Amino acid sequence: KYLRYAMSDEEMIKAVEEELGKETADTVLPAFLAKFPDKKPLDILQYDARSAFRKAVKDICARRVADNCAPTYQYLFTPTFGINEGSMPQHNSDISFWFHNTDKVPSNDFGDGTSVLEASMSGRLLAFAHTGIPDKDGLIHWPSQSSELKPTLVFDQNERVEYSIDDDFLPELMKCSDYR
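Everything in this summary refers to the structure shown in the same document. Quantities reported herein were computed from a predicted structural model and do not represent experimental measurements. (Residues numbered from 1 in each chain as written. Predicted model: local features only at pLDDT ≥ 70, side-chain atom pairs only at ≥ 80, totals over all residues. Heavy atoms only, no water.)

**Description of the overall build of the protein chain**
Here's step 1: Scanning the protein chain from terminus to terminus reveals seven helices and three strands.
Here's step 2: Traced from its N-terminal end to its C-terminal end, the protein chain shows the element sequence α-α-α-α-β-α-α-β-β-α.
Here's step 3: For 180 residues, the compact-globule estimate of 2.2 N^0.38 gives 16 Å, and the C-alpha radius of gyration of the protein chain, at 17 Å, lies within 12% of that figure.
Here's step 4: Across the 180 residues of the protein chain, 42% fall into the buried class.
Here's step 5: Of the contacts made within the protein chain by residues no fewer than 6 positions apart, 58% connect residues no fewer than 24 positions apart.
Here's step 6: Accessible surface, the protein chain: about 9,800 Å² in total, of which carbon and sulfur atoms supply 55%.
Here's step 7: Measuring between centres, the 20 positive side-chain charges of the protein chain sit 4 Å from its 30 negative side-chain charges. (Helix = DSSP H or I, 4+ residues; strand = E, 2+ residues; numbered from the N terminus. Rg over C-alpha atoms; globule rule 2.2 N^0.38 Å. Buried < 20%, exposed > 50% of the residue type's maximum accessible area, 1.4 Å probe, protein only. Contact = heavy atoms within 4.5 Å. Areas by Shrake-Rupley, 256 points an atom, 1.4 Å probe, with all protein chains shown as cover. Lys, Arg positive; Asp, Glu negative; His and termini not counted. Charge placed at Lys NZ, Arg CZ, Asp CG, Glu CD.)

Written out as C-alpha cells, the structure reads:
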C-alpha cells in the first residue's frame with residue numbers, strides 16, 4: 001500500500017497518522033523509533049499488525065514466570081527484508097533462520113547479514129536443544145525472563161538485548177489494532 005523507499009519520513013508519519021490516528025501516532029511513534037532506531041516511521045504499521053501476537057507472547061512469558069516454570073526466553077525478529085519496499089518480516093519469517101535454510105526462502109534475504117543472523121539463530125536453537133539455554137560461544141548472552149526483568153533478544157541486522165522493549169507503546173498500539 002505504501003512505497004517505503006519512495007516516501008520521505010514526513011510522508012510516512014502522515015500515513016501512520018491516517019492509519020492509527022494522530023493522537024496514537026504522536027504517542028507510539030517516538031517510543032517505537034527510540035527502541036528501533038534503524039526502522040522507518042512506516043514500520044510501526046507492521047508492528048501494529050503483529051501486536052496481538054506480541055501481547056500474547058508477553059502474557060505467556062509472564063504466566064510462565066509467575067508459575068515458576070522452566071526458564072523462558074523472549075525474542076523479536078525484526079530485520080528489514082529487501083522485498084515489499086523494505087518490509088519488516090511477516091509472521092513465521094524467522095523459521096528459515098532457526099532451521100538454517102534461508103537459501104530456500106529468497107524473500108528472507110537482506111544481504112550480507114542474512115548468513116550471520118541465520119548462523120546465530122540456528123546455533124542458539126541447537127544450544128537450547130542440547131542444554132536448555134540458548135547461548136552460544138561468541139554471541140551475546142540471552143537472559144531468561146524474571147518477575148523483575150523482561151529481556152527480549154532482538155534479532156535484527158545486529159542482535160541486542162532490550163528490557164521491556166515495547167512496554168511503553170504496545171498498550172497504546174493495541175487500542176487501535178484490528179487484531180486485538
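**A short note on the side chain of Thr114**
Here's step 1: Within the secondary structure, Thr114 sits in helix α6 (residues 113–131).
Here's step 2: Polar contacts involving the side chain of Thr114 include one to the main-chain carbonyl oxygen of Gly111, which spans 3.0 Å.
Here's step 3: Look past the residues within four positions of Thr114 in its chain and what remains in contact with it is Phe97, Thr102, Asn108 and Asp109. (Polar contact = N/O pair within 3.5 Å; in protein donor to acceptor, adjacent residues only side chain to side chain.)

**What to know about a nonpolar patch on the surface**
Here's step 1: Residues Ile95, Phe99 and Leu125 make up a contiguous nonpolar surface patch of about 270 Å² in total accessible area.
Here's step 2: Of note, Ile95 is situated in helix α5 (residues 95–98). (Patch = residues over 30% accessible without salt bridge, like charges linked within 9 Å, V, L, I, M, F, W, Y side chains within 5 Å. Salt bridge = Lys/Arg side-chain N within 4 Å of Asp/Glu carboxyl O.)

**Regarding the side chain of Glu162**
Here's step 1: With respect to the helices and strands, Glu162 occurs in strand β3 (residues 160–163).
Here's step 2: Discounting chain neighbours no more than four positions away, the residues touching Glu162 are Lys35, Lys150, Pro151, Thr152 and Val154.

**Here's the deal with the packing of aromatic side chains**
Here's step 1: By the definition in use, this model includes 14 aromatic pairs.
Here's step 2: On the basis of an interplanar angle of 90 degrees and a centroid distance of 5.8 Å, the ring pair of Phe32 and Phe169 is categorised as edge-to-face. Here Phe32, found in helix α2 (residues 22–35), pairs with Phe169, found in the loop between β3 and α7 (170–176); they are 137 residues apart in sequence, far enough to count as distant. For the residue pair Phe32 and Phe169, the accessibility class agrees, reading buried in each case.
Here's step 3: Plain terms: the ring middles of Phe81 and Phe110 are 6.2 Å apart, the flat faces sit at 40 degrees to each other, and that makes the pair tilted. With a gap of 29 residues between them, Phe81 in the loop between β1 (75–77) and α5 and Phe110 in the loop between α5 and α6 connect regions that are remote in the sequence.
Here's step 4: Members of the aromatic cluster, each reached through a chain of ring pairs, are Tyr73, Tyr75, Trp98, Phe128, Trp142 and Phe155. (Phe/Tyr/Trp six-rings, centres within 6.5 Å; stacked < 30°, edge-to-face > 60°.)

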